[in-house]
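# Working through the structure, step by step
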Amino acid sequence: MPEGPSIVILKEEAAKFAGRKVTAVSGNSKIDLARLKGKKVLRLQSWGKHFLICFNGFIVRVHFLLFGSYRINDRKPQAPRMSLTFTNGEINFYSCSIKMLEGDVSDHYDMSIDVMNDAWDKKKAMEKLQLVPAELVCDALLEQDIFAGVGNIIKNEVLYRIQVHPESTVGALPVAKARKMVDEARNYSFDFLEWKKKYELKKHWLAHTKTICGKCNGPITRKITGTKKRRSFFCNECQRLYQ
DNA sequence: TATAATGTTTGAAC
DNA sequence: AGTTCAAACATTAT
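None of these values were measured; they are calculated from a predicted model.

## Examining the protein's contact with DNA strand B
Near DNA strand B, the surroundings consist of 16 residues, among which Leu 65, Phe 67, Arg 222, Arg 230 and Arg 231 are the closest. Across the atoms of DNA strand B situated within 4 Å of the protein, the share located in sugar and phosphate is 68%. Lys 49 is positioned such that a nitrogen or oxygen atom in its side chain is 2.9 Å from a phosphate oxygen of DNA strand B. Contact distances for DNA strand B include 3.3 Å between a phosphate oxygen and a side-chain N or O atom of Asn 152. Among the secondary structure elements, those contributing two or more residues to the surface near DNA strand B are α5 (152-161) and β10 (230-235). Residues of the surface near DNA strand B, tallied by class, amount to 6 nonpolar, 5 polar and 5 charged.

In C-alpha cells:
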C-alpha cells in the first residue's frame, strides 16, 4: 500500500472524518492513544508516504512501511495497531508505524518536497539533486528528502520512461535528462494515482516486474541496485547508462 | 510451502 | 565520533 499516491487515496477516503471528534480509540500502538479520545480531528493530510491526522497542537503520523494496511468502516481479523471511531464511521490501521508529533505540520514537514503536493517545487528537487552528484539515480529517486512519496515502482517506471539506466550517476546526467527525471517523478505519480483508483495500476507497468521491453522486444534486466539494494527493472538497450 | 515484496528505523560494527 | 550495514519488523500473493 505504501507509495505516495496510495496515501493520497487514503487521505481522500478519510476526509469525511475531518472536523469530527474521536469517540473511541484503541489499538496496540505504544503511543498514548488515550490522548486522542474526545479530541477533534482538524484535518487529514499526507506528506510523501506519511499519513497525517492533525489535532490541535499535535499530529498522529501513520507510516505503512511495506506491509501496512487500513480499513474504513471495516475490520481485518487481526488486532489493529490503532482504531479510531467517529460518529460517522471508523478507521482501522494494521501493522504500521505510528508516531505522535508535537506542534503543527509545518514544524515537521516541507510540503514542497512531496511530489503529490500542490506546493511541490521542481526547482528545489533540482537543487537537491545537485548536492548528491555521486549518487546513483536509482537511489536518488528513492530519497524521501528529495522525492517524498516516490517508491520502488515509481522509480522503475520513471527511469524507463526517460530511458535512463538505474545505475547512472546523478552528476553525469545531462541537465535536460535530470529535468525530465524530476518532471516524471511527479507525472508518473499522478498517473499512478489515477490508475490505482481504477484498480488497473499493474496493467500499465512497462518495466516493473516485466521481462520483455515493449519498445525493442529485448529482455528486461532485473537487478538489485544501489546502496538501497532495491529491485531495478530496466532495458539495457533502451535505457542509457550515464557515468 | 517457501519466498519475495510498493519501506524505514535501529543499533552494532567499523 | 561519524559512517555504514545488516537485522528487525510484519503481511500476503505467488
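## Things to note about the UniProt feature "domain: Formamidopyrimidine-DNA glycosylase catalytic" (unreviewed entry) in chain A
UniProt feature "domain: Formamidopyrimidine-DNA glycosylase catalytic" (unreviewed entry): in the numbering of this structure it lies at residues 2-101. The distance from the first to the last C-alpha atom of residues 2-101 is 20 Å, and the span holds 10% helix and 40% strand.

## Re the pairing of strand β7 (residues 89-94)
Most of β7 is tucked away: 6 of the 6 residues are buried. Residues Gly 89, Ile 91 and Phe 93 point to one face of β7 and Glu 90, Asn 92 and Tyr 94 to the other, with burial holding for every one of them. Summarising the sheet, strand β5 (residues 69-72) and β7 pair through 4 bridges and their orientation is antiparallel. The partner of Ile 72 across the bridge, within β7, is Ile 91. Pairing of strand β6 (residues 82-86) with β7 involves 5 bridges; the strand directions are antiparallel. Following the sheet pairing, Thr 85 is matched in β7 by Glu 90. Here β6 folds back onto β7, and the loop between the two strands holds 2 residues.

Reading the values: rules and limits
- Residues numbered from 1 in each chain as written.
- Chains lettered and ligands numbered in written order.
- Predicted model: local features only at pLDDT ≥ 70, side-chain atom pairs only at ≥ 80, totals over all residues.
- Heavy atoms only, no water.
- Near = heavy atom within 4 Å.
- Polar contact = N/O pair within 3.5 Å; in protein donor to acceptor, adjacent residues only side chain to side chain.
- Helix = DSSP H or I, 4+ residues; strand = E, 2+ residues; numbered from the N terminus.
- Nonpolar A, V, L, I, M, F, W, Y, C, P; charged D, E, K, R; others polar.
- UniProt positions renumbered as here; feature names shortened; annotations may be inferred.
- Buried < 20%, exposed > 50% of the residue type's maximum accessible area, 1.4 Å probe, protein only.
- Pairing = 2+ DSSP bridges.

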